[in-house]
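Per-entry structural report
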Amino acid sequence: MDAHCRKSFFLLAIVVVFISCSSFTVNAAIKAEQLESVLIEEMEDVLPHSSFSDGIDEVGEIIEVDEPWQMVQKKGNQFVVNDQPFYVSGFNTYWLMVFAADNSTRGKVSEVFKEASSVGLRVCRTWAFNDGQWRALQKSQSVYDEEVFKALDFVVSEARKYKIRLILSLVNNWDAYGGKPQYVKWGKEAGLNLTSDDDFFSHPTLKSYYKAHVKTVLNRVNTFSNITYKDDPTIFAWELMNEPRCTSDPTGDKLQAWIEEMAVYVKSIDPKHLLEIGLEGFYGPSTPNKVQVNPNTYAQQVGTDFIRNHQVLGVDFASVHIYADSWISPSITGVHLQFTQSWMEAHIEDAEKYLGMPVIFAEFGVSAKDPGYNSTFRDTLITTVYNTILNSTTKGGSGAGSLLWQIFPKGTDYMDDGYAITLSQSPSTAKIISMHSKRLSIFNSRCAWKCRWGCRKKMQLETSLYHDE
């Protein structure tokens, strides 16, 4: 620890003792705010050279890290690494494998990891599937393109270099990149009598197709690192499916049975990694008192059931998506912000009361194509999400993190669905993301530093956490 780091450590110690040992008067609170403002300023200087940017130096070059690269685990309603807190500040970039499969675009994978790492983003969610499409990983049922698989190997290996962990999704509910409809198509080509894409969840043969893909991916030996995927700490978690829905069965029984079967199957191959479902977070028939929280009445008819689904054996944490512009109205309005906060708070509370597990808000954003969109609203939305997470974090709650949809490097505009954020072109957004990452880094570091008075699980740093420079 260098002199600058010792200085910040000393400042942090002062803040902790001040908060823990004082009864706050108004004047004392003001002094605490001023002191903690100094802490944040010091963390600005220190964190890029320490835990905040492990893996790269000031100019983005890869550096060696002394700390062992260990699996993320769950402890109660929080994530931990080496028994230390791990709150998630992350992002989505779904197309990494496809870009890595072409030498002309492979550099964009490194570029997005470098840029994300520079603002403290530490988890990336991406696809570990591409079924029967252009640059397919799975060209036909259980037939794989080795070059595309090597591209996925590269993504995993490159993420490790930048100290970014991956949530790998194993199939899509939608037809993009093949997904559920492609599996049904393969089944029909094999002579199966299938009447709905939702047969994916119930037909024994289609379930065997999915299991075969799971087994192939989890047992893959990375050609860059020589580490088997199921043993690689770079992988934060597996995701059963991106946004599963089963509209043919609003009771939710069909999807519930599929989740129960597949969660156990994944864990039978890989008991080390965490597992999540990939749900959007809609409440269903098992909790009729909760359906009013849904963004619309249709949401309770898509066959998902937030609490029931996440009580399945083998599921380690909850996932929720946030798209007020898709679910409520495309036109930008303050109602979107109100919904975002209430939607998050409801799921954090339920994760604590009924599930006893962390919850990650695994997709959130706003489209630049929405009527009335402007970057100021996007920044306000992101700030709303981050502050709601921090409100939970400061209390030791289940709000464990969030993943922006989505981060793109320069020159990938043709892939933009309207939600893309290019950090180098969005300085105000990049600053908000960076500050949030540093605030979470304080929590992630609090048990790592050997404070002589011990680690306080609910150490109160609200003033510093909510101080904006």
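Rules and cut-offs
Residues numbered from 1 in each chain as written. Predicted model: local features only at pLDDT ≥ 70, side-chain atom pairs only at ≥ 80, totals over all residues. Heavy atoms only, no water. Buried < 20%, exposed > 50% of the residue type's maximum accessible area, 1.4 Å probe, protein only. Helix = DSSP H or I, 4+ residues; strand = E, 2+ residues; numbered from the N terminus. Pairing = 2+ DSSP bridges. Expected span 1.5 Å × (residues − 1). Contact = heavy atoms within 4.5 Å. Salt bridge = Lys/Arg side-chain N within 4 Å of Asp/Glu carboxyl O. Core = buried A, V, L, I, M, F, W, Y, C linked by side-chain atoms within 4.5 Å. Arc of directions from axis to C-beta. Phe/Tyr/Trp six-rings, centres within 6.5 Å; stacked < 30°, edge-to-face > 60°. Axes fitted to C-alpha atoms, helices over the stretch in contact; angles between N-to-C directions. Parallel < 35°, antiparallel > 145°, perpendicular 65-115°, else oblique. Left-handed = near helix turned anticlockwise from the far one by under 90°. Nonpolar A, V, L, I, M, F, W, Y, C, P; charged D, E, K, R; others polar. pLDDT = per-residue confidence, 0-100.

So, on to the pairing of strand 4 (residues 88–92). Residues in a regular strand point their side chains to alternate faces of the sheet. The element strand 4 is largely enclosed, with a buried count of five among its five residues. Burial along strand 4 is two-sided: Val 88, Gly 90 and Asn 92 facing one way and Ser 89 and Phe 91 facing the other are all buried. One ladder, built from five bridges, connects strand 4 with strand 13 (residues 399–405); its direction is parallel. Paired with Asn 92 across the bridge in strand 13 is Trp 405. Across three bridges, strand 4 lies against strand 5 (residues 123–127) in parallel orientation.

Another point: helix 8 (residues 253–269). Every α-helix carries 3.6 residues per turn, so stepping three or four residues along brings you back to the same face. For helix 8, which comprises 17 residues, the first-to-last C-alpha distance of 25 Å matches the rise-based estimate of 24 Å (1.5 Å per residue) to within 8%. Taken together, the buried positions of helix 8 are Leu 255, Gln 256, Trp 258, Ile 259, Met 262, Ala 263, Tyr 265, Val 266, Lys 267 and Ile 269. Its buried side turned inward, helix 8 meets helix 7 (204–218), strand 9 (235–239), strand 10 (274–276) and helix 9 (306–310).

Turning our attention to the pairing of strand 8 (residues 165–169). Across the five residues of strand 8, five count as buried, placing the element largely inside the fold. Along strand 8, one buried face is formed by Arg 165, Ile 167 and Ser 169 and the opposite face, lined by Leu 166 and Leu 168, is buried too. Across five bridges, strand 5 lies against strand 8 in parallel orientation. Counterpart to Cys 124 in the pairing with strand 8 is Leu 166.

Tallied over the entire structure, the rule returns 18 salt bridges. As a salt-bridge pair, Arg 135 and Asp 102 come within 2.4 Å of each other at their nearest N and O atoms. Placement of Arg 135 in the loop between strand 5 and strand 6 (138–140) and of Asp 102 in the loop between helix 3 (96–100) and helix 4 (106–118) is noted, with a sequence separation of 33 residues between them. Residue Asp 102 is classed as partly exposed on the basis of its relative accessible area, which comes to 23%. Residues joined by salt bridges that share partners form a network here, namely Arg 125, Glu 239 and Glu 363.

One finds Phe 91, Phe 113, Phe 200, Tyr 210, Trp 238, Trp 258 and Leu 404 to be the most contacted residues of the largest nonpolar core, which totals 104 residues. Setting aside anything within four residues of it in sequence, one finds Tyr 210 in contact with Leu 170, Val 171, Tyr 183, Phe 200, Leu 240, Trp 258 and Met 262. Ranked by size, the runner-up nonpolar core spans 15 residues in total, among them Val 72, Phe 317, Ile 360 and Ala 362.

Turning next to unusual backbone geometry. Working note: non-glycine residues mostly have negative phi, and peptide bonds are mostly trans. In this chain, Trp 405 is followed by Gln 406 through a cis amide linkage whose omega measures 5°. Looking at the element boundaries, Gln 406 is found in the loop between strand 13 and helix 13 (427–445). A positive phi angle is found at Arg 135, which is not glycine, with a value near 55°. With a relative accessible area of 21%, Arg 135 lands in the partly exposed category. In this structure, Lys 163 is a non-glycine residue whose phi angle is positive, near 55°. Among the structural elements, Lys 163 can be located in the loop between helix 5 (146–161) and strand 8. Residue Lys 163 is classed as buried on the basis of its relative accessible area, which comes to 10%.

Looking now at helix 7. When the terminal C-alpha atoms of helix 7 are compared, their 21 Å separation across 15 residues agrees well with the 21 Å that a helix rising 1.5 Å per residue should span. Among the residues of helix 7, those classed as buried are Leu 206, Lys 207, Tyr 209, Tyr 210, His 213, Val 214, Val 217 and Leu 218. The arc enclosing the buried residues of helix 7, seen along the axis, measures out at 160°, which places them on a common side. Buried residues belonging to helix 7 abut strand 6, strand 7 (143–144), helix 5, helix 6 (179–189), strand 9 and helix 8.

Right, let's talk about the packing of aromatic side chains for a bit. Summed over the entire model, instances satisfying the criterion amount to 32 aromatic pairs. Centre to centre, the rings of Phe 201 and Trp 258 are 5.3 Å apart; their planes meet at 80°, and the pair counts as edge-to-face. Here the residue Phe 201 occupies a position in the loop between helix 6 and helix 7, and Trp 258 occupies one in helix 8, the gap between them amounting to 57 residues. A single burial state applies to Phe 201 and to Trp 258, both of which are buried. Geometrically, the ring pair formed by Tyr 283 and Phe 306 is edge-to-face, given 5.6 Å between the ring centres and 70° between the ring planes. Of this pair, Tyr 283 sits in the loop between strand 10 and helix 9 while Phe 306 sits in helix 9, and the two are 23 residues apart along the sequence. Here Tyr 283 matches Phe 306 in class, with each residue buried. Taken together, the aromatic side chains of Phe 282, Tyr 283, Phe 306, Tyr 323, Trp 327, Phe 339, Trp 343 and Tyr 419 make up a single cluster linked through ring pairs.

Let's shift gears to the sheet that holds strand 8. Strand order in the open sheet formed by eight strands is 10-9-8-5-4-13-12-11, and the pairing between neighbours is parallel. Strands at the two margins of the open sheet, each flanked by one partner only, are strand 10 and strand 11 (318–322). Adjacent strand axes in the sheet meet at a mean angle of 25°, parallel and antiparallel pairs treated alike.

Following both chains from N to C, one finds helix 4 and helix 5 inclined at 25°, their axes separated by 10 Å at the closest point. As the angle between them shows, helix 4 and helix 5 are arranged roughly parallel. Helix 4 and helix 5 meet at a crossing whose hand is right-handed. Contacts between helix 4 and helix 5 involve Arg 106, Val 109, Ser 110 and Phe 113 from the former and Ala 151, Phe 154, Val 155, Glu 158 and Ala 159 from the latter. Split by residue class, the contact of helix 4 with helix 5 holds six nonpolar, one polar and two charged.

What follows concerns the confidence of the model for the protein chain. Scored by pLDDT, the protein chain has a mean of 86; 81% of the residues are at 70 or more. At the low end of the mean pLDDT range in the protein chain sits helix 1 (residues 3–21), at 37; at the high end sits strand 8, at 99. Across residues 1–66, where pLDDT falls below 50, the model places 100 contacts with residues more than four positions away in sequence or in other chains. Under a pLDDT of 50 for its full length, residues 447–464 has, in the predicted model, 35 contacts with residues more than four places off or in other chains.

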